[in-house]
Amino acid sequence: MSPLNAVLVAWLVMAFLMALLWLVQKRTHNAGIVDVAWSFGTSLCAVGFALTASGDPTRRALVAFMAGGWGLRLGVHLANRVFSEEEDGRYRMLREKWGSRIQPMMFGFYQLQAFWAVMFALPMMAASSNRAAFSALDGVAVALWLVSIFGEGIADWQLARFRADPTSHGRVCREGLWGWSRHPNYFFEWIQWWAYILLAANTPLAWLAWGGAIVMLFFLTKVTGIPMTEARALLSRGDAYRKYQQEVSVFVPAPPRRGVS
């Protein structure tokens, strides 16, 4: 299957899946299911691209494993949260903003996520097209991927443990990695995309891997990630979160600045 045909098939499948899930959220009033579908969907698209690519077989198998492992961990984590808690505050904000237009707007949003699921799988396609023999650079890529998976997993676990503690209500999580970054989960998520840049090095499609890292950074820091999360946190935690903003790095982990006025 040609790369273009693979992309078209992946997009059609994701568009159909997201249309079905839009109907589900219409009944359940919990739009967070789109995050679960995006994680699993992006991963499956990436695995499909890796298996149908024409690059080195060892690298293709590695990319499929990495993409599958990433999507499985993130998807299961999000599913546990979505199906055990009330709707994420980001989507409650959208419901308030869109009002009576919520369902047509939400349908468009779900279809946009179908599009981005395919687009964010393209770095894996680029990596899988690399025909060069496995090298030390690929080993560095695997190391980066491991750092990303374990870092994000630890951050998610620390936050879940904090939120499960009844005494944490109204407080800001500063445990572990959250004392060094306000969004360590986003930071380690972004690190993963650099692994595919290395795996795709010196290939004609390397620009797709670079584009994935750049666009993901933009989304996390300027669009749906940090801005919406922090806006909701300021509404719910007020001055405590403002102090947290003053003392803790927004993205890249760094020692906290204590006593900032």
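Below is a short write-up of the structure. Per-chain numbering applies: the sequence of each chain, read as written, is numbered from 1 onward. Restriction of local features to residues with pLDDT of at least 70 applies here, the model being predicted, together with a cutoff of 80 or more for giving and counting side-chain atom pairs; totals for whole chains, interfaces and linings are based on all residues. The side-chain values count all of the structure's non-hydrogen atoms but skip hydrogen atoms and water molecules.

## Quick look at the overall build of the chain
Assigned secondary structure in the chain consists of eleven helices and zero strands. Secondary structure elements in the chain, listed N-terminal to C-terminal, are α-α-α-α-α-α-α-α-α-α-α. We take the radius of gyration over the C-alpha atoms and set the globule estimate at 2.2 Å times the residue count to the 0.38 power. Compactness check: the chain gives a C-alpha radius of gyration of 19 Å against a globular reference of 18 Å for 261 residues, within 12% of the reference. Projected onto its principal axes, the C-alpha coordinates of the chain cover approximately 55 × 45 × 25 Å. The proportion of buried residues among the 261 residues of the chain is 49%. Contacts in the chain between residues at least 24 apart in sequence constitute 76% of all its contacts with a sequence separation of at least 6. To measure how exposed things are, a 1.4 Å probe is used in the Shrake-Rupley method; for residues, cover is taken only from the protein chains shown. When the accessible surface of the chain is split by element, carbon and sulfur atoms take 70% of a total near 12,800 Å². In the chain, the 24 positive side-chain charges and the 16 negative ones have mean positions that sit 4 Å from each other. In this description a helix means any DSSP run of H or I spanning at least four residues, a strand means any run of E spanning at least two, and both kinds are numbered starting from the N terminus. For every residue, the accessible area obtained with a 1.4 Å probe (protein chains only) is divided by the maximum for its type, and the residue is called buried under 20%, exposed over 50%, and partly exposed between those limits. Contacts are assigned to residue pairs that have any heavy atoms within 4.5 Å of one another. When charges are counted, Lys and Arg contribute as positive and Asp and Glu as negative, whereas His and the chain ends are disregarded. Charged side chains are reduced to one point each, which is NZ for Lys, CZ for Arg, CG for Asp and CD for Glu.

## Things to note about the nonpolar core
What is meant by a nonpolar core is a set of buried Ala, Val, Leu, Ile, Met, Phe, Trp, Tyr and Cys residues, joined one to another through side-chain atoms within 4.5 Å. Grouped together as the largest cluster of nonpolar side chains are 68 residues, with contacts concentrated most on M18, F49, M106, Y110, W193, Y196 and L199. When near neighbours in sequence (up to four residues on either side) are disregarded, Y110 contacts M18, L21, W22, Q25, N30, A31, I33 and V34. If you look at the next biggest cluster of nonpolar residues, it comprises ten residues, including L159, F162, V172 and Y244.

## Points about the packing of aromatic side chains
For any pair of aromatic rings, geometry is given as the distance between the ring centres together with the angle between the planes. For this analysis, a ring pair means two rings from Phe, Tyr or Trp (six-membered ring only for Trp) whose centres lie within 6.5 Å, classed as stacked if their planes differ by under 30 degrees, edge-to-face if by over 60, and tilted for the remaining angles. This model, assessed by the stated rule, comprises 20 aromatic pairs. Ring centres of W38 and F120 lie 5.9 Å apart, and the angle between their planes is 75°; this geometry places the pair in the edge-to-face category. With W38 in helix α2 (residues 33–52) and F120 in the loop between α5 (102–119) and α6 (122–128), this residue pair connects regions lying 82 residues apart in the sequence. The same class applies to W38 as to F120, namely buried. Ring geometry for F218 versus F219: centroids 6.3 Å apart, planes at 80°, classification edge-to-face. One aromatic cluster is present, built from ring pairs that chain together W38, W70, F115, W116, F120, W193, Y196, F218 and F219.

## Considerations on the pattern of salt bridges
One speaks of a salt bridge when a side-chain nitrogen belonging to Lys or Arg is within 4 Å of a carboxyl oxygen belonging to Asp or Glu. Tallied over the entire structure, the rule returns 13 salt bridges. The shortest N-O distance in the salt bridge between R59 and D138 comes to 2.8 Å. Within this pair, whereas R59 is found in helix α3 (residues 57–82), its partner D138 is found in helix α7 (residues 136–164), the two being separated by 79 residues in sequence. Take R59: its relative accessible area is 1%, and that puts it in the buried class. The class of D138 is buried, set by a relative accessible area of 2%. Ionic pairing is found between R73 and D156, a salt bridge with its closest N-O pair at 3.0 Å. Residue R73 is found in helix α3, and its partner D156 is found in helix α7; the two are separated by 83 residues along the sequence. Salt bridges linked by common partners bring D35, D88 and R90 together as one network.

## Points about helix α8 (residues 184–199)
Here a helix's expected span is defined as the number of its residues, less one, multiplied by 1.5 Å. With 16 residues, α8 should reach 22 Å at 1.5 Å per residue; the first-to-last C-alpha distance of 24 Å fits that figure. Burial analysis of α8 places 14 of its 16 residues in the buried class, the great majority of the element.

## Structural notes on the packing of helix α4 (residues 89–98) against helix α10 (residues 226–237)
Here an axis means a line fitted to C-alpha atoms, over the contact stretch when the element is a helix, while the angle between two N-to-C directions is reported on a 0 to 180 degree scale. It is at 9 Å that the axes of α4 and α10 come closest, and there the two elements cross at 85°. One finds that α4 runs roughly perpendicular with respect to α10. Note on element contacts: α10 touches α4 through M228, T229, A231 and R232, opposite G89, R90, R92, M93, L94 and E96. Ten residues, namely Ala, Val, Leu, Ile, Met, Phe, Trp, Tyr, Cys and Pro, are considered nonpolar, four, namely Asp, Glu, Lys and Arg, are considered charged, and the remaining ones, Gly among them, are considered polar. Its residues assigned to classes, the contact of α4 with α10 comprises four nonpolar, two polar and four charged. Roughly parallel means an angle under 35 degrees; roughly antiparallel means over 145; roughly perpendicular covers 65 to 115; every other angle is labelled oblique.

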